[in-house]
Amino acid sequence: MAFSKQWLALREQSDHAARDAQLLTKAVEAAGENPVIVDLGSGTGSTVRALEPFLPEGAEWRLVDNDDSLLEVAGAELGDRASLHRLDISDLEKLPLENATLVTASALIDLVSRQWLENFVEKVQVPVYFALSYDGVMNWMPENSLDNSITQAFNNHQRSDKGFGSALGPDSVSVAEEVFKSAGFDVFTAPSSWQLGPAEEELQQALVQGIAEAALETGQQDAVFWAEIRTSQARETDCTIGHGDILALPKDFELGAQHAKT
Ligand SMILES: C[S@@+](CC[C@H](N)C(=O)[O-])C[C@H]1O[C@@H](n2cnc3c(N)ncnc32)[C@H](O)[C@@H]1O
């Protein structure tokens, strides 16, 4: 499925504000003193921009995405700070994981299937930091009597196949927690919900359009009317869009140990 660079740019500020700061700090620490970070579904490099201020100089990034136009934007900004890998991540064998010290992703694991995640976890032996996965909860103020049915329709759409089999959608963080734990990882999770107000009117409007289109595809005809109201009210609306972050550390991985050894 395609994501436009305009949409990714529009959401980036709210994404960065929503990331759980403690988990981000732990992820940076887990990457070690000479970080080699593989970012899956990198888009234009939002995760690089979120983490780079906290990383030691010279961190190596490998950005993986199947959309050339997004990688091109990332490459133009990051130059030789990142290598670009145009790959379909459903083919796990091709992921450039060699010598990686951290694997990251943002707004990605709600798209993948349980099977993909289980296969991925079998393959990975380093810390994994997945941020900003949609968790199925949306709250709007002022409320609208259609909010719940639209959320339900949108969540059903989130569970449809996004190229990996049935998507985890709203269950992604809880399923990832379960899968990593049963593979022996230590797992930390934290909420990272978007808090949007009138200042994010443009993002709200684009979000409402996206939600309504998805809901309509599931047969929820009221989505058009709901979108008209929500779009016209965006300047007076506050909303919370639930997301979650997860950090999984391989068994016996000690945060800070890399620093102690050098
Ligand atoms: C919601 S966007 C998030 C982008 C970026 N991580 C961010 O936070 O701005 C999901 C990204 O995953 C990529 N993607 C989706 N399916 C993919 C696949 N099968 N292989 C590689 N990348 C994929 C999309 O092209 C897109 O860049």
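Everything in this summary refers to the structure shown in the same document.

Cut-offs applied
- Residue positions are given per chain, counting from 1 as you read along its sequence in written order.
- Only residues with pLDDT of at least 70 get local features here, since the model is predicted, and only at 80 or more are side-chain atom pairs given and counted; chain-wide, interface and lining totals rely on the full set of residues.
- Side-chain numbers here rest on the full set of heavy atoms in the structure, without hydrogens or water.
- For two strands to be treated as a pair, DSSP must find at least two bridges joining them.
- The way it works is that DSSP assigns letters per residue, a run of H or I at least four long becomes a helix, a run of E at least two long becomes a strand, and they are numbered from the N terminus.
- When the strands point away from the viewer, a crossover counts as right-handed if the path from the first strand over the helix to the second runs clockwise.
- By convention in this text, a residue qualifies as near a molecule or strand provided that one of its non-hydrogen atoms is within 4 Å of it.
- Nitrogen and oxygen atoms within 3.5 Å of one another constitute a polar contact, given that in protein one can donate a hydrogen and the other can accept it, and given that sequence-neighbouring residues count only through two side-chain atoms.
- Computed by Shrake-Rupley with a 1.4 Å probe, the accessible areas treat only the displayed protein chains as cover when residues are assessed.
- Cavities and pockets were defined on a 1 Å grid built over protein atoms only: a cavity is a set of grid points that admits a 1.4 Å probe from which the probe cannot escape, a pocket is an open set flanked by protein on both sides within 12 Å along at least five of seven lines, and lining residues are those with an atom within 4 Å of any such point.
- Think of it this way: if more than half of a molecule's atoms are within 2 Å of a pocket's grid points, that molecule is in the pocket or cavity.
- Basically, the charged four are Asp, Glu, Lys and Arg, the nonpolar ten are Ala, Val, Leu, Ile, Met, Phe, Trp, Tyr, Cys and Pro, and anything else, Gly included, counts as polar.
- Salt-bridge detection follows one rule: a side-chain nitrogen of Lys or Arg within 4 Å of a carboxyl oxygen of Asp or Glu.
- Summary of the burial criterion: residues with accessible area below 20% of their type's maximum are buried, those above 50% are exposed, and those between are partly exposed, where the area comes from a 1.4 Å probe applied to protein chains only.
- Note on contacts: a residue pair is in contact if any heavy atoms of the two residues lie within 4.5 Å.

## What about the pairing of strand S3 (residues 82-86)?
Turning to step 1, where the next piece is worked out: Two strands pair when backbone bridges link them, and strand S2 (residues 60-65) and S3 are joined in this way by 5 bridges, in the parallel orientation. From the neighbouring strand, Arg62 faces S3, where its bridge partner is Ser83.
Turning to step 2, where the next piece is worked out: Crossover S2 to S3 through helix H4 (residues 68-78) is right-handed.

## Some details on the site of the ligand
Turning to step 1, where the next piece is worked out: Residues in contact with the ligand amount to 17 residues; listed here are only the nearest, Gly41, Asp65, Asp88, Ile89 and Ser106.
Turning to step 2, where the next piece is worked out: In the environment of the ligand, a nitrogen atom lies 3.3 Å from a nitrogen or oxygen atom belonging to the backbone of Asn66.
Turning to step 3, where the next piece is worked out: Residue Asp88 places a side-chain N or O atom 2.9 Å away from a nitrogen atom belonging to the ligand.
Turning to step 4, where the next piece is worked out: Coverage of the ligand by the protein amounts to 97% of the 590 Å² it exposes when considered alone.
Turning to step 5, where the next piece is worked out: Its atoms largely coinciding with the cavity grid, the ligand occupies the largest pocket.
Turning to step 6, where the next piece is worked out: Partitioning the shell around the ligand into residue classes produces 8 nonpolar, 6 polar and 3 charged.

## Examining the pattern of salt bridges
Turning to step 1, where the next piece is worked out: Scanning all chains against the criterion turns up 14 salt bridges.
Turning to step 2, where the next piece is worked out: A salt bridge links Glu52 to Arg81; the nearest nitrogen and oxygen atoms lie 2.8 Å apart. One end of the pair, Glu52, is in the loop between helix H3 (46-51) and S2; the other, Arg81, is in the loop between H4 and S3, and 29 residues separate them in sequence.
Turning to step 3, where the next piece is worked out: Overall, Glu52 belongs to the partly exposed group, its relative accessible area being 25%.
Turning to step 4, where the next piece is worked out: Between Arg62 and Glu60 there is a salt bridge, with its nearest N and O atoms 3.0 Å apart.
Turning to step 5, where the next piece is worked out: We classify Glu60 as partly exposed; its relative accessible area is 34%.
Turning to step 6, where the next piece is worked out: Ionic contacts of the salt-bridge type, sharing partners, join the residues Glu12, Arg49 and Glu77 into one network.

## Some points on the environment of Ala215
Turning to step 1, where the next piece is worked out: Inspection of the secondary structure assignment puts Ala215 in helix H8 (residues 201-217).
Turning to step 2, where the next piece is worked out: A relative accessible area of 0% means that Ala215 is categorised as buried.
Turning to step 3, where the next piece is worked out: When the C-alpha positions of Ala215 and Ile150 are compared, they lie 6.2 Å apart, and in sequence the two are 65 residues distant.
Turning to step 4, where the next piece is worked out: Those residues in contact with Ala215, other than ones at most four positions away along the chain, are Ile150, Ala153, Phe154, Gln220 and Ala223.

## Let's talk about unusual backbone geometry
Turning to step 1, where the next piece is worked out: Cis rather than trans, the peptide bond between Met141 and Pro142 has omega equal to 5°.
Turning to step 2, where the next piece is worked out: With respect to the helices and strands, Pro142 occurs in the loop between strand S5 (128-141) and helix H6 (147-158).
Turning to step 3, where the next piece is worked out: Unlike most non-glycine residues, Asn99 shows phi in positive territory, near 60°.
Turning to step 4, where the next piece is worked out: Here Asn99 shows up in the loop between S3 and strand S4 (102-106).
Turning to step 5, where the next piece is worked out: Here Asn99 falls in the exposed class, since its relative accessible area comes to 61%.
Turning to step 6, where the next piece is worked out: You will see that Asp252, though not glycine, has its phi angle at about 65°, which is positive.
Turning to step 7, where the next piece is worked out: In this structure, Asp252 sits in the loop between strand S8 (238-249) and helix H10 (257-261).
Turning to step 8, where the next piece is worked out: For Asp252, a relative accessible area of 63% gives the class exposed.

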